[in-house]
Amino acid sequence: MTDTNTKVRSLILTALMVVSVFGGSIAFAGSAAAANNNEIQLSSSGAGDAGVEYTASGDIEATSSNDMQYLTVTFSEADLTGVTASDLRIESPDNDGGSSTFNLNSASDYTTVERDGADDTLSIELSDSQSVGQNDRVIVEVGGVTNPNSAGDYNYDVVLETTSEGTDFDTLTGSYTIEETESDLSAGSDDATFNQVVYSGEELTVNGFTGDELVNVRYVTERSDGDVTASTQVDQLQADGGEATLDTGELDENGDYFLVGQDSANEVGFELATHTLDAVIDPTTVENGDEDTDVNLDDSSIQDAETEFDVETNRASPLLYQVDSETLEDAELKQIFQEYQPDNGLLEEEGIMAGEDGEGDPLQFDENDYANGEGPNYDAGDDEEYDDEDPIDEDGIIVAFEDEQADELVFSGVDTGDYTLDVSHVETTAEDSVDVTVTEAADGDANFGSSVYSTNQGDRVMITVDLEDSDVAQVQVGEYDDVNYEAVVTVEDDGDNEVSFWYNTYSPLTDNAFTLTEASEDDGDTLTWDSDVTLEDGDEGLTEETVNEDTPAAGVDSYLAADFGGGAGVNDLAAASYDISAYVGGSETAVGTLEVNERTVGGVQMWTLAEDEVSDVSDLEELNTAAEEGFLTQDDSNAVRQGDNDNLGSGDAVVHQIQITGIYGAIETGTETGDAVQFSDLAPLLGATSSDDTFGEGGAELVLSQTDDTTEANADPLVLNLDESSDALTIIPDSENGSLYIIAEPGDNLDFNRVSESEIDDLTDDDTGNFDESVFDGDLVNAEYNDAFDVEFFIPEESGLTSQDVSATSSFEFVERDASFDQNDDDEVVVAPSSEQTISGTTSIAAGSEITIRARATGDNPFLKTADVTVGEDGDFSGTFDFSDTSNMTEFEVTIPSEGFEDDAETDGIVSDAAQMETPTPEPETATPEPETATPEPETATPEPETATPTDGGDGATETETSGSQPGFGGAVAIIALAGAALIALRRGN
């Protein structure tokens, strides 16, 4: 009966619904009425409830009588797919203002009952039309409905039509309310399924029944092809408003059960299972720790007495359990199970309430539970009354366990003795008990890895704590009465009996003051301390008061009060001697000394890094490796290619080594040392006053300015714009050896400005008092090779890094990449027609660079021979070739391709027998032995010919020179580094 016309009709009728009809509330749940006396009642209003009976009614507004034969019923988002003619009743009762009376309560009264395109809409055709007139009341009752799955308000429409289908004369309309259901299951007209698992002991609430009907509980005894073929009744329940409650703890055995309404025949099934619980405590003997402590910031003292508690269960987690003990008070249980605090949401799900006042729930852990190391403190006091709805006994506490959760039980301060802990689920029959023995705590011990630690003011120092018979210790740095500074940090070991951490003297009042080393962090060790703690009274110890950013703690030397990255101010520790102490359980176990020395400032060293190695150097380890392998050498010239418009192209990198201590705490704040840092990390050294600035007044300055003899005529010198060149800079701190390395890679990213000489003087002139960034506002330009630069590192007194102005200078130049071969008087490379022939030469590129020498001939006797060689420290190179298969007087060309040399350093060569007669004479070694005995000087001077002139024609320069001096790196770092720490204070221009 439902066709396209019908669907269109339904849409039109909906659009033309009488707008004067408004829904209004009535005094029972799940119903609503409209302003024209429209009403709706639901037998059950829970979300998802099945087998619900909807009864809509209203007074006819049409002014004339109509013969009603068709109805379109819509209950928005409800499921009407199970409704049949037997579920319908349409009535017009006798009333004073009405004109007709009928009651259609038999399936034969209906010709058609079918869904009209959607699950929430029915099309109904009456067997016989019924006459209705103005003010007649019409009642439409529809059973077998399944409520919408979500709580909320929904619309309904009952469209009344004449004998001409699609022609309506009135509409009953309004809204109905669906409520959240607290039922566990819903019964319906379909055969029961057994997908839901219920655990023995749970109280099961089931809705979907009719009124107060009896509900039978049946146990499935036989099945055939999955269908239930036999069952036996085991219990009977009385429904209340369509809802029945079953205590599954009264069911004798596990298996499939179903509940069926004796009148409605609605049914629902479930599987009954046993909730298993296995509680394990390991070890079963635990020390009780020492709850009395003088040095304590939080709960650290109670961590000494722990044992692992593991719960295994066959249910999804987390779940709530009740823990009780005949010999432990509830307050003690709360301390012991502090790691198993229940989530508020879990408590609400199980209906566990607070006390009558709704506050201070004795089951909840207060945020101050562990204040002063005294164990849990609960606002509710000692076991105040539980709400009447609590499904637990008044004894014990509530905790939350997860399957195979393994957290710690804390027995600090618990009396020695044997205890039994009884664990049970708050609703099911699952329960278990564990026994634990509490013994007197052994005396733990903590010692320092060294009795004296030393660092420079503003640097970091690594402190190591060795633990025995304790996982936790506290370390105190300083004594307020002595040095006006005191800090206490708590460390916890995760198994190797050692914890190492960095102490940062640059920022001793910030979150970066104490940081685990990478090794301890990887081991799972932990470190806690409160950076918002300062001291007011040495006798009282630490008090929790926020550090005032404008007024540092009394007596702490401060040279910067700037706010970097939102921190709490930077106040470095004064140079002095500080006592350090280790504590276990409040008892002092070790003492030591931290010596904080004055900063030192040295000079600037210039180095050259081979072009091929620049991309491989990103931290201190790689920089040292480059030095050890000869790729990094002390040199003041850097060979570069010619770029576009004669600008600098790529080439060897310039390496500045700035020797200073006392700044690494500002730029190294992580777990490890020696990693490259960003240019912005140097902001504190450059006098910045906010996180948005890089430079400021009174900071250190690094100025690279062009020399007079390489500055173009009628032009200002070039000055490196460090800020704009940051992408070309790699900054590597070496705090252990007091050096900061700045690697500048030539190319497009190395930017300069033209700055007048007077402005250059102002950059490092203390008399000017400030740094004028406007000098870098001009156009950016690029340097050219053969440009040379003076380097000045300047630290004014007001920076706080030194007690007086300090300046260190150096210089370097960019040179053309070139190479030349050793030749005879005819400008030829000469080799003999035999093996082991040497082709050698010199180049301007960095030592350690790898190049390829190529010898090539064409014509009647063509050949191509190559040798890969490494440039020596003095720029020399040599390669060995085999010309034994080449005829005498054969001409060839020798080149070094792909290195940016002009014409690839192409040089003529010839194979000649005469070359065999030109072997080096051994006279310096054998003919003059007398100077060796008479004077020791030739003994030290004569090795030079051996080094400079390899006898085998091989890669002699590489073998002898790269293993020589590498000042400032690897094992010899301290020789060149001078002072032992590295600062870079960069000046940008913008």
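Residues numbered from 1 in each chain as written. Predicted model: local features only at pLDDT ≥ 70, side-chain atom pairs only at ≥ 80, totals over all residues. Heavy atoms only, no water.

- As recorded in an unreviewed UniProt entry, the chain goes by PGF-CTERM sorting domain-containing protein and comes from Halosegnis longus.
- The record held by UniProt for the chain lists under Sequence similarities (unreviewed entry) the comment "Belongs to the halobacterial S-layer protein family." (UniProt positions renumbered as here; feature names shortened; annotations may be inferred.)

## Considerations on the packing of aromatic side chains
1) Next: Enumeration according to the criterion identifies 16 aromatic pairs in this entry.
2) Next: Relative to Tyr176, the ring of Tyr54 lies with its centre 5.4 Å away and its plane at 80°, an arrangement referred to as edge-to-face. Of this pair, Tyr54 sits in strand S4 (residues 52–59) while Tyr176 is found in strand S12 (residues 168–178), placing the two residues 122 residues apart along the sequence. The same class applies to Tyr54 and to Tyr176, which are both buried.
3) Next: Measuring from centroid to centroid gives 5.7 Å for Tyr257 and Phe270, while their planes differ by 15°, and the two rings are stacked. Of this pair, Tyr257 sits in strand S19 (residues 255–261) while Phe270 sits in strand S20 (residues 267–273); the two residues are 13 residues apart in sequence, bridging distant segments of the chain. Across the pair, Phe270 and Tyr257 agree in class, each one buried.
4) Next: Through a chain of ring-to-ring contacts, three or more aromatic side chains come together here, namely Tyr54, Phe75, Tyr154 and Tyr176.
5) Next: Directly above the aromatic system of Phe194 lies the positively charged group of Arg223, at a separation of 4.7 Å from the ring centroid. (Phe/Tyr/Trp six-rings, centres within 6.5 Å; stacked < 30°, edge-to-face > 60°. Helix = DSSP H or I, 4+ residues; strand = E, 2+ residues; numbered from the N terminus. Buried < 20%, exposed > 50% of the residue type's maximum accessible area, 1.4 Å probe, protein only. Lys NZ or Arg CZ within 6 Å of the ring centre and 35° of its normal.)

## Focus on helix H6 (residues 620–628)
1) Next: Taken together, the buried positions of H6 are Leu620, Leu623, Asn624, Ala626 and Ala627. Buried residues of H6 fall within an arc of 155° about the axis and therefore sit on the same side.
2) Next: Capping the start of H6 is the job of one residue whose side-chain oxygen sits 3.3 Å from the backbone nitrogen of Glu621: Asp619.
3) Next: Phi turns positive one or two residues past the end of H6, at Gly630, with a value near 85°. (Arc of directions from axis to C-beta. Polar contact = N/O pair within 3.5 Å; in protein donor to acceptor, adjacent residues only side chain to side chain.)

## Description of unusual backbone geometry
A negative phi holds for most residues other than glycine; trans holds for most peptide bonds.
1) Next: For the bond from Asp282 to Pro283, the omega torsion is 0°, close enough to zero to count as cis.
2) Next: Position of Pro283 relative to the elements: it lies in the loop between strand S21 (277–282) and strand S22 (285–287).
3) Next: Phi is positive for Asp904, close to 55°, though the residue is something other than glycine.
4) Next: Tracing the chain through its elements places Asp904 in the loop between strand S59 (891–895) and strand S60 (907–911).
5) Next: Its relative accessible area of 28% is what places Asp904 among the partly exposed residues.
6) Next: Positioned with a positive phi, Ala905 is a non-glycine residue whose angle comes to about 55°.
7) Next: Within the fold, Ala905 resides in the loop between S59 and S60.

## Let's talk about the pattern of salt bridges
1) Next: Applying the stated criterion across every chain yields a total of 12 salt bridges.
2) Next: Notably, a salt bridge pairs Arg137 with Glu39, separated by 3.7 Å at the nearest N-O pair. Of this pair, Arg137 sits in strand S10 (residues 137–145) while Glu39 sits in strand S3 (residues 39–42), and the two are 98 residues apart along the sequence.
3) Next: With a relative accessible area of 17%, Arg137 lands in the buried category.
4) Next: On the basis of relative accessible area, Glu39 is assigned to the partly exposed category, the value being 29%.
5) Next: With a closest N to O distance of 3.8 Å, Glu712 and Arg754 form a salt bridge. Of this pair, Glu712 sits in the loop between strand S46 (701–706) and strand S47 (718–720) while Arg754 sits in strand S50 (residues 752–754), and the two are 42 residues apart along the sequence.
6) Next: Taking the relative accessible area as the measure of exposure, Arg754 reaches 34% and is therefore partly exposed. (Salt bridge = Lys/Arg side-chain N within 4 Å of Asp/Glu carboxyl O.)

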